[in-house]
Amino acid sequence: MSLKSPKFATKALHAGIEPDPSTGAIMTPIYQTSTYVQASPGQNKGYAYARGKNPTRSALEKNIAALENAKHGLCFSSGMGATDAVIKLLRPGDEVVTGNDLYGGSYRMFTKVFEPFGIKFHFIDLTDAENINNYINANTKLIWIETPTNPTMQIVDISACARIAKANNIILAVDNTFASPYLQNPIDLGADIVMHSVTKYLGGHSDVVMGALLTNDDSIYERLAFIHNSCGATPGPMDSFLVIRGIKTLHLRMERHCQNGEIIAHFLRSHPRVEKVYWPGFTDHPNHDIAKKQMRGYGGMISFVLKDAGLEETFKFASSFQVFSLAESLGGVESLINHPATMTHASIPKQERENAGVVDALLRLSVGVEDIEDLLEDLKQALDG
Ligand SMILES: Cc1ncc(COP(=O)(O)O)c(C=O)c1O
């Protein structure tokens, strides 16, 4: 694409996507191959073995990189595979400053896989980024943030984190899964690496598990690409094709997720059975001003606490929906309800979980793109029933 400055919707459809050179097929073919024939040893057409490179995956990597205004993109077989590659940039003795409200799987990987290898993680309150300064020392090599956080929708100031990272020569990586590149571009705000669980909004149809890393830094890219190929958490071409197709409607889906999310957040807040609603679009959300500054919308992720509900009542409520499905994951076209304490965040010890607001009566919604009237009717019958 040779436009000077293509806009998001145009990039979603066209960036990195070329008609197939052999047939002109407008849709990127699924290059279902593990290897490529060489004219003589080492003489190939840029592809030698599919763990290292696959044309369907290459098109997708260019596409996601364009959406994040990044020079380089790498796709992984899951979001966790992508996160794993970032932590493998570190060495024993290195330290990481990260948030105390993280996706449970990231917390589990940091504490159960990488701490035994001698990497130290500080799980701290990042709602005031300046707090990071209290945990930086000569061994600090990485700041890992999630914003909005999963599941209590805290907002972390990406630019402030980037200033601290740059001043101390530390890499800043941002898990941008909840916002998607449509709502937030951390690299524009100074981040070095963006990570996505592509499984969520980018894929958008709950049919693929995938991760991605994006960066503008050539040297970080070289190191990540080496880990990518050496450790091998690379996705297959069929999944790459599905995500290319999913991304073509990312901007349309996100607009509807945001519209439906806003209506549902206000509805929940006004309901007498609901004690608390977490959604960064509320003007009295503690970091609403930062959300307004760094995001282009507030998305369809909402968490809320049922008033005076124990585990049994919360389970009963979570199982009483017609349109919202009780399931892990998020970001697909269909609406989901999740019970973080026993589902996505079960791997975090109870006390730590509750300190971060993940109490037994907390529920998380991934608001889909169904008709808003039907979603409201479903919520009403569950809350009033
Ligand atoms: C914020 C966030 N980061 C990372 C992940 C992990 O991604 P994956 O499930 O694709 O490995 C998830 C999955 O739920 C997530 O919600």
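Everything here concerns the structure above.
This text gives an overview of the structure that appears in the document. (Residues numbered from 1 in each chain as written. Predicted model: local features only at pLDDT ≥ 70, side-chain atom pairs only at ≥ 80, totals over all residues. Heavy atoms only, no water.)

## A word on the packing of aromatic side chains
Scanning the entire structure with this criterion turns up 12 aromatic pairs. Note on Phe 114 and Phe 117: the rings are 6.4 Å apart at their centroids and 45° apart in plane angle, and the pair reads as tilted. A relative accessible area of 6% means that Phe 114 is categorised as buried. Owing to a relative accessible area of 56%, Phe 117 belongs among the exposed residues under this scheme. Three or more aromatic residues joined by ring pairs form one cluster here, namely Tyr 107, Phe 110, Phe 121, Phe 123 and Trp 144. Positioned over the ring face of Tyr 103 is Lys 200, at 6.0 Å from the centre of the ring. (Phe/Tyr/Trp six-rings, centres within 6.5 Å; stacked < 30°, edge-to-face > 60°. Buried < 20%, exposed > 50% of the residue type's maximum accessible area, 1.4 Å probe, protein only. Lys NZ or Arg CZ within 6 Å of the ring centre and 35° of its normal.)

## Things to note about the sheet that holds strand β8 (residues 274-278)
Sheets are built from strands paired through backbone hydrogen bonds, the pairs being either parallel or antiparallel. Pairing is mixed in the open sheet, where 5 strands are placed in the order β8-β9-β12-β11-β10. Strands with a single pairing partner mark the edges of an open sheet, and in this sheet they are β8 and β10 (325-326). Pairing analysis gives 2 bridges linking β10 to strand β11 (residues 336-338), with the strands arranged parallel. The residue of β11 that forms the bridge with Ser 325 is Leu 336. Of the strands in this sheet, β8, β9 (301-306) and β12 (362-366) touch helix α9 (residues 250-269), which is tilted by about 10° from β9. (Pairing = 2+ DSSP bridges. Helix = DSSP H or I, 4+ residues; strand = E, 2+ residues; numbered from the N terminus. Contact = heavy atoms within 4.5 Å. Axes fitted to C-alpha atoms, helices over the stretch in contact; angles between N-to-C directions.)

## Quick word on the pairing of strand β7 (residues 211-215)
Counted residue by residue, β7 has 5 buried out of 5 residues, so it is predominantly covered. When strand β1 (residues 72-76) meets β7, the two strands line up antiparallel, connected through 5 bridges. The residue of β7 that forms the bridge with Leu 74 is Leu 213. With 5 bridges joining them, strand β6 (residues 193-197) and β7 adopt antiparallel strand pairing. Each bridged residue has a counterpart across the sheet, and for Ser 197 the counterpart in β7 is Gly 211.

## Observations concerning a negative patch on the surface
Negative charge collects at one region of the surface, where Asp 371, Glu 373, Asp 374 and Glu 377 lie side by side. Considering the arrangement of structural elements, one finds Asp 374 in helix α13 (residues 372-384). Assessed through its relative accessible area of 40%, Asp 374 is described here as partly exposed. (Patch = residues over 30% accessible without salt bridge, like charges linked within 9 Å, V, L, I, M, F, W, Y side chains within 5 Å. Areas by Shrake-Rupley, 256 points an atom, 1.4 Å probe, with all protein chains shown as cover. Salt bridge = Lys/Arg side-chain N within 4 Å of Asp/Glu carboxyl O. Lys, Arg positive; Asp, Glu negative; His and termini not counted. Charge placed at Lys NZ, Arg CZ, Asp CG, Glu CD.)

## Re the environment of Val 37
Residue position: Val 37 is located in the loop between α1 (8-14) and α2 (55-67). Relative accessible area serves as the criterion here: at 83%, Val 37 is assigned to the exposed category.

## Re the site of the ligand
Around the ligand, 14 residues are found, and the nearest of them are Gly 79, Asp 175, Ser 197, Thr 199 and Lys 200. The side chain of Asp 175 places a nitrogen or oxygen atom 2.6 Å from a nitrogen atom of the ligand. In the environment of the ligand, an oxygen atom lies 2.8 Å from a nitrogen or oxygen atom belonging to the side chain of Ser 197. In the complex, 91% of the free accessible area of the ligand, which totals 390 Å², lies under the protein chains. Among the elements of the structure, α3 (79-87) and β6 are those that each provide at least two residues to the shell around the ligand. Looking at the shell around the ligand residue by residue, the class counts come to 5 nonpolar, 6 polar and 3 charged. (Near = heavy atom within 4 Å. Polar contact = N/O pair within 3.5 Å; in protein donor to acceptor, adjacent residues only side chain to side chain. Nonpolar A, V, L, I, M, F, W, Y, C, P; charged D, E, K, R; others polar.)

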